[in-house]
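Residue-level structure breakdown
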Amino acid sequence: MSHPLHVLAAACRHAQDIRKSRFLAQAAPVRSAEQALAFLREVADSDATHNCWAYRISQDYRFNDDGEPGGTAGRPILQAIEGAGVDRVMVVVTRWYGGIKLGAGGLVRAYGGTAAECLRLAERVPLVAMARLAVHCAFADLALLKARCPLWQARVENESFDADGATLELELPAAQAAEAQARIIDLTRGRGGVRLLD
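Residues numbered from 1 in each chain as written. Predicted model: local features only at pLDDT ≥ 70, side-chain atom pairs only at ≥ 80, totals over all residues. Heavy atoms only, no water.

Observations concerning the overall build of the chain
Basically, it comes down to this: Numbering of helices and strands runs from the N terminus; a helix is a DSSP stretch of H or I covering at least four residues, while a strand is a stretch of E covering at least two. Radius of gyration means the value over C-alpha atoms here, while the globule rule gives 2.2 Å times the residue count to the 0.38 power. When accessible area is computed with a 1.4 Å probe and restricted to protein chains, residues below 20% of their type maximum are described as buried, those above 50% as exposed, and intermediate ones as partly exposed. Here a residue-residue contact requires only that any non-hydrogen atoms of the pair lie within 4.5 Å. The sign given to each residue is positive for Lys and Arg and negative for Asp and Glu; His and the chain ends receive no count. Charged side chains are reduced to one point each, which is NZ for Lys, CZ for Arg, CG for Asp and CD for Glu.
A tally of helices and strands in the chain yields 5 helices and 11 strands. For the chain, the C-alpha radius of gyration of 22 Å lies well beyond 16 Å, the compact-globule estimate for 198 residues. Projected onto the principal axes, the alpha-carbon positions of the chain cover approximately 70 × 35 × 25 Å. Counting only residues that meet the buried cut, the chain has 42% of its 198 residues in that class. Relative to all contacts within the chain whose residues are 6 or more apart in sequence, the contacts with residues 24 or more apart total 68%. Mean positive and mean negative side-chain charge positions of the chain (23 and 23 charges, respectively) differ by 6 Å.

Rendered as structure tokens:
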């Protein structure tokens, strides 16, 4: 895929009726398989005929046909995700059977098409590669260091303290990591430790 990937800005949904069956696609941004499956538990309708789904998080992906014939639901949803150029997303397509069989080709088009339209309508933002830094600094440097984080678009993910000072885990765009490391060394006059995680 040569075009840049995107992530969803927020959860979204799209419904359509196909030959008397109701299809509802619901998509949400996720950062882990656990978040994806939690979204499934949140939106799956136990009264529906099927709750089929797929997620993609970087190279990790899974899909499930939830009782539909193999390859007619989960895989088309995953293909819709890939076709839309979206990452870090979970899509659940719920079907309420309306009495008319769609056949394998009809199911593929219904599940894949509903998912694709949901993702097409969704608000998206470009996916930015992120990096994580571990920073240790003296208590005297902590307030200044935290005040500079917005300059590097850094977010404090974790903070802990020991007798020598504070340790911060920062998440920031990978393109800002080298600049942030150099500035942290300057701010702490070489006394702070900073290293790239992962």
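The structure having been displayed, the exposition proceeds.
Describing the environment of Asn64
For clarity, the cut-off: In protein, a polar contact requires one atom able to donate a hydrogen and another able to accept it; more generally it is a pair of N or O atoms within 3.5 Å, and residues adjacent in sequence count only if both atoms are side-chain atoms.
Structurally, Asn64 is set in strand 5 (residues 60-64). Note: C-alpha distance between Asn64 and Leu78 (14 residues apart in sequence) is 9.6 Å. Excluding residues that lie within four positions of it along the chain, Asn64 makes contacts with Cys52, Trp53 and Gly74. Of the polar contacts made by the side chain of Asn64, one reaches the backbone nitrogen of Asp66; its length is 2.6 Å.

Looking at the packing of aromatic side chains
We count it as follows: Side-chain rings of Phe, Tyr and Trp (the six-membered ring for Trp) are treated as a pair once their centres are within 6.5 Å; stacked means planes under 30 degrees apart, edge-to-face means over 60, and tilted covers the remaining angles.
Scanning the entire structure with this criterion turns up 3 aromatic pairs. With a centroid separation of 5.2 Å and 90 degrees between ring planes, the pair formed by Phe23 and Tyr111 is classed as edge-to-face. Of the two residues, Phe23 sits in strand 3 (residues 21-29) while Tyr111 sits in helix 3 (residues 103-121), which places them 88 residues apart along the sequence. For Phe23, a relative accessible area of 0% puts it in the buried group. What makes Tyr111 buried here is its relative accessible area of 0%.

Considering the pattern of salt bridges
Working definition: two side chains of opposite charge can pair if their charged atoms are close together. Worth spelling out the cut-off: Any Lys or Arg side-chain nitrogen located within 4 Å of an Asp or Glu carboxyl oxygen qualifies as a salt bridge.
All chains considered together, the criterion is met by 14 salt bridges. Here Arg132 makes a salt bridge to Glu169, at a shortest N to O gap of 3.1 Å. With a gap of 37 residues between them, Arg132 in strand 8 (residues 130-137) and Glu169 in strand 10 (residues 165-173) connect regions that are remote in the sequence. With relative accessibility at 25%, the residue Glu169 sits in the partly exposed group. Between Arg155 and Glu171 there is a salt bridge; the shortest N-O distance is 2.7 Å.

So, unusual backbone geometry
Its identity as a non-glycine residue notwithstanding, Arg19 has a phi of 45 degrees, on the positive side. Looking at where Arg19 falls in the secondary structure, it is placed in the loop between strand 2 (12-18) and strand 3. With a phi angle near 55 degrees, Gln153 is a residue other than glycine that sits in the positive phi range. Looking at where Gln153 falls in the secondary structure, it is placed in the loop between helix 4 (139-148) and strand 9 (155-162).

Thoughts on the pairing of strand 2
Note the threshold: For two strands to count as paired, DSSP must find a minimum of two bridges between them.
In this structure, strand 2 lies alongside strand 3, joined through 7 bridges in antiparallel fashion. If you follow Asp17 over to strand 3, its bridge partner there is Arg22. Between strand 2 and strand 3, which pair antiparallel in sequence order, lie 2 residues; one of them, Arg19, sits at a positive phi of approximately 45 degrees.

Re the sheet that holds strand 10
The following threshold applies: Every angle, taken between N-to-C directions, lies between 0 and 180 degrees, and every axis is a line fitted to C-alpha atoms, over only the stretch in contact when it is a helix.
Spatially, 9-10-8-11 is the arrangement adopted by the 4 strands of the open sheet, whose pairing is antiparallel. Whereas interior strands pair on both sides, the edge strands pair on one side only; in this sheet they are strand 9 and strand 11 (193-196). Between one strand axis and the next, the sheet turns through 15 degrees on average, direction left out of account. Looking at chain direction, strand 9 and strand 10 are connected through 7 bridges and run antiparallel. Across the sheet, Val156 pairs through a bridge with Leu170, a residue of strand 10.

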